[in-house]
Amino acid sequence: MIERRPVFDIVTHAILLLGVVFLLVPVWLAIVAASQDIAGVNHVPINWWFGSHLFENLGEAWRRGDFGARFVTSFVVAFGVMLGKITVAALAAFAIVFFDWRARMAIFWLIFVTLMLPLEVRIVPTYAVAANALRPFQAILDMTGLTGLVESVSGLRIALQWRMLNSYAGLILPLVATATGTFLYRQFFMTVPEDLVEAAKMDGAGPLRFFWDVLLPLSRTNIAALATIMFVYAWNQYLWPLLVTTEPARATVLVELSRLVPRGDGLPEWHILMAATLIVMLPPLFVVLLTQRWFVRGLIATEK
């Protein structure tokens, strides 16, 4: 039992208050800068109070960034990655926990080790796969001699190719695998009583029916927590969309936001950039606020 002492409470609240200040001061400055004109945002010392140009700057930022089309792309990518990660993680954890096969723990640890390999580390091979997703199969055909055999018999050369650059598939599919989601699902599935599994078998439920009718309803809080994390993760992706989308029409909001950074010798228009930043941060903020209760329950709840 934790002993309650007034001094400890004061120190704890002081630390929390300091953390809130460090968190909110940059946001406050961004809102203030977005409400200034070009002279006010470049004024020295900086302004700490609002100007009168917020809505004007928001409209200008929306127009310059063409955020209407960019938001559509970002929402499709964020929801696609979120659904893909939830589905793949749930099925992977289901196979690891509820199927008795020798290599399941080895496979789990191989998946878990990928937490140490972020996208930035594997960016080159991932880009090569996106440039031609069927290249490994083409290499197998070439090494086994099947390509030459088919060409000698039919006169046709097999050239497998699936380019995912500048497409939703290229933006979504390389990001759907998640070790974090697999770990969260596995930890929850391990708390499911064995009696429940046996009861489902006695009722004639097969693996897929048990997964759909029993496990998924029990996993609602875990799904909400994982969905929140993965939506924010996908929305904030910058490097991968920057490499995959060579056409401006396929750019996401983060890529377009980087193009609004002031460059050149003129007076920098930081107020437009800060206004665009406020626009871009609203969707993930809304999702976090909307799912906050489920998010916390999914991460800390112990009674299932």
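Residues numbered from 1 in each chain as written. Predicted model: local features only at pLDDT ≥ 70, side-chain atom pairs only at ≥ 80, totals over all residues. Heavy atoms only, no water.

Colleague: Which residues make up the overall build of the chain, and what are the values?
Modeller: Across its full length, the chain holds 17 helices and 0 strands. Rg of the C-alpha trace for the chain: 25 Å, well past the compact-globule value of 19 Å for 304 residues, more than 25% over. For the chain, the spread of C-alpha atoms along the three principal axes comes to 75 × 70 × 30 Å. The burial tally for the chain puts 35% of its 304 residues in the buried class. Sequence separation of 24 or more characterises 72% of the internal contacts of the chain that already satisfy a separation of 6 or more. When the accessible surface of the chain is summed, it comes to about 18,800 Å², and 70% of that surface belongs to carbon and sulfur atoms. Treating the 22 positive side-chain charges of the chain as one cloud and the 20 negative ones as another, the clouds have centres 4 Å apart. (Helix = DSSP H or I, 4+ residues; strand = E, 2+ residues; numbered from the N terminus. Rg over C-alpha atoms; globule rule 2.2 N^0.38 Å. Buried < 20%, exposed > 50% of the residue type's maximum accessible area, 1.4 Å probe, protein only. Contact = heavy atoms within 4.5 Å. Areas by Shrake-Rupley, 256 points an atom, 1.4 Å probe, with all protein chains shown as cover. Lys, Arg positive; Asp, Glu negative; His and termini not counted. Charge placed at Lys NZ, Arg CZ, Asp CG, Glu CD.)

Colleague: Run through the packing of helix H3 (residues 54–65) against helix H16 (residues 270–290), naming residues and quoting values.
Modeller: The interhelical angle for the contact between H3 and H16, taken along N-to-C directions, is 80 degrees, at an axis separation of 8 Å. Comparing their axes, H16 and H3 come out roughly perpendicular. Listed contacts from H16 to Leu-54, Asn-57, Leu-58, Glu-60, Ala-61, Trp-62 and Arg-64 of H3 are His-271, Ile-272, Ala-275, Ala-276, Leu-278 and Ile-279. (Axes fitted to C-alpha atoms, helices over the stretch in contact; angles between N-to-C directions. Parallel < 35°, antiparallel > 145°, perpendicular 65-115°, else oblique.)

Colleague: Which residues make up the UniProt feature "transmembrane region" (unreviewed entry) in the chain, and what are the values?
Modeller: Using the residue numbers shown here, the UniProt feature "transmembrane region" (unreviewed entry) corresponds to residues 7–31, 71–99, 106–128, 168–189 and 270–290. As annotated, residues 168–189 has a helix share of 73% and a strand share of 0%, and its two end C-alpha atoms lie 32 Å apart. Annotation note: span residues 270–290, helix share 100%, strand share 0%, distance between end C-alpha atoms 30 Å. (UniProt positions renumbered as here; feature names shortened; annotations may be inferred.)

Colleague: Give me the packing of aromatic side chains: which residues, what numbers.
Modeller: Enumeration over the complete set of coordinates arrives at 24 aromatic pairs. Judged by centre distance (5.7 Å) and plane angle (45 degrees), the ring pair of Trp-28 and Trp-49 falls under tilted. In this pair, Trp-28 is assigned in helix H1 (residues 6–34) and Trp-49 in the loop between helix H2 (38–41) and H3, connecting sequence segments 21 residues apart. With relative accessibility at 31%, the residue Trp-28 sits in the partly exposed group. Plain terms: the ring middles of Phe-94 and Phe-99 are 5.3 Å apart, the flat faces sit at 90 degrees to each other, and that makes the pair edge-to-face. One aromatic cluster is present, built from ring pairs that chain together Phe-94, Phe-98, Phe-99, Tyr-185, Phe-188, Phe-189, Phe-210 and Phe-211. The ring centre of Phe-108 lies 4.2 Å from the NZ or CZ of Arg-186, which sits over that ring. (Phe/Tyr/Trp six-rings, centres within 6.5 Å; stacked < 30°, edge-to-face > 60°. Lys NZ or Arg CZ within 6 Å of the ring centre and 35° of its normal.)

Colleague: I'd like a rundown of helix H12 (residues 207–218), residues and numbers included.
Modeller: Since the α-helix packs 3.6 residues into each turn, any two residues three or four apart lie on the same face. Taking 1.5 Å per residue as the helical rise, H12 with its 12 residues ought to reach 16 Å, and the 15 Å between its terminal C-alpha atoms agrees with that figure. The complete set of buried residues in H12 reads Phe-210, Phe-211, Val-214, Leu-215 and Leu-216. The inward-facing, buried residues of H12 contact helix H4 (67–98), helix H10 (179–189), helix H11 (194–202) and helix H13 (220–235). (Expected span 1.5 Å × (residues − 1).)

Colleague: Explain the pattern of salt bridges to me, and be specific about the residues and the numbers.
Modeller: Under the criterion given, the structure shown has 7 salt bridges. Measuring nitrogen to oxygen at the nearest pair gives 3.3 Å for the salt bridge that ties Arg-209 to Asp-213. Residue Arg-209 and its partner Asp-213 are both found in helix H12; the two are separated by 4 residues, about one turn of the helix. Relative accessible area serves as the criterion here: at 44%, Asp-213 is assigned to the partly exposed category. Note that Arg-259 is salt-bridged to Glu-256, the shortest N-O span being 3.3 Å. With Arg-259 and Glu-256 both in helix H15 (residues 253–259), this residue pair falls 3 residues apart, about one helical turn. On the accessibility criterion, Glu-256 (9% relative accessible area) is buried. Shared partners join several salt bridges into a network, and the residues in it are Glu-60, Arg-63, Arg-64 and Glu-269. (Salt bridge = Lys/Arg side-chain N within 4 Å of Asp/Glu carboxyl O.)

Colleague: Pulling in residues and values, what's your account of the environment of Phe-188?
Modeller: Residue position: Phe-188 is located in helix H10. For Phe-188 and Leu-54, which are 134 residues apart along the polypeptide, the C-alpha to C-alpha distance reads 46 Å.

Colleague: Account for unusual backbone geometry, with residues named and values stated.
Modeller: Negative phi values dominate among residues other than glycine, just as trans dominates among peptide bonds. Of note, Asp-66 is a non-glycine position whose phi angle comes to about 50 degrees, a positive value. Along the polypeptide, Asp-66 turns up in the loop between H3 and H4. Using a relative accessible area of 40% as the deciding quantity, one classes Asp-66 as partly exposed. The phi dihedral of Asn-166 falls on the positive side, at around 55 degrees, and the residue is not glycine.

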